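Examining the three-dimensional arrangement
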Amino acid sequence: MSDGLNAHAVMDDHHLFPFLDVLVPDLRAAGLALAPDVFVLAGGRVRAGYAVGAALFADLPGPRRLIHVIGERPGTMHHAFSVYLTAADGAAWADPRAIDHHITRVISGVADTAYPPERAAREAVAMLQDMLPRPCP
């Protein structure tokens, strides 16, 4: 989680906690394991999440997914945040050139006055499931 360019986006009532209240049980219901800790970055941007993922996942077996919530869109009444989703195997996380925007998906405009946080959480879980590598037939 990063406050990014807009700390209000993650601190506003009815933003981050409603998102997490749906995200966590939905991830578990989908059979996705959660990290025991949440990392909080002051002023972090998208590539900061890639660095965290590399530190955590480099060379680990199997697919590894990162959910990075970032406060964005300063200057609007919405105080929206975005959710960046990146999925790759441990070998890719070990290669700094392999993890970049081309394998990341984003849900933007998340706020109680814009795209509802609860809906964004459900969409994030669905997207993460879709990003899983498919076995070859």
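First, a word on scope: everything that follows refers to the structure included in this document.

Procedures and definitions
- Residues numbered from 1 in each chain as written.
- Predicted model: local features only at pLDDT ≥ 70, side-chain atom pairs only at ≥ 80, totals over all residues.
- Heavy atoms only, no water.
- Helix = DSSP H or I, 4+ residues; strand = E, 2+ residues; numbered from the N terminus.
- Expected span 1.5 Å × (residues − 1).
- Buried < 20%, exposed > 50% of the residue type's maximum accessible area, 1.4 Å probe, protein only.
- Arc of directions from axis to C-beta.
- Contact = heavy atoms within 4.5 Å.
- Core = buried A, V, L, I, M, F, W, Y, C linked by side-chain atoms within 4.5 Å.

Under the 1.5 Å per step criterion, the end-to-end length of helix α2 (residues 16-29) is 20 Å for 14 residues, consistent within 8% with the ideal 20 Å. Taken residue by residue, α2 has Leu16, Pro18, Phe19, Val22, Leu23 and Leu27 as its buried positions. Angular distribution of buried residues about the axis of α2 spans 160 degrees; they occupy a single face of the element. Set apart from the buried face of α2 by more than 90 degrees, the exposed residues are Phe17, Asp21, Arg28 and Ala29. Close packing links the buried residues of α2 with α1 (7-11), β1 (63-71), β2 (81-89) and α5 (117-130). A positive phi of about 80 degrees marks Gly31, the residue just after α2.

Before going further, it helps to spend a moment on the nonpolar core. By size, the foremost hydrophobic cluster in this structure holds 22 residues, and its most contacted members are Phe19, Leu23, Val69, Phe81, Val83, Leu85 and Ile107. Where this core is concerned, the elements lending two or more residues are α1, α2, β2, β3 (104-110) and α5. The biggest single contributor to this core is α5, with 6 residues. Not counting residues within four places of it along the chain, the set of residues in contact with Ile107 comprises Phe81, Ser82, Val83, Leu85, Tyr115, Ala120, Glu123, Ala124 and Met127. Counting residues in hydrophobic clusters, the runner-up holds 10 residues, among them Val46, Leu66, Trp93 and Ile99.

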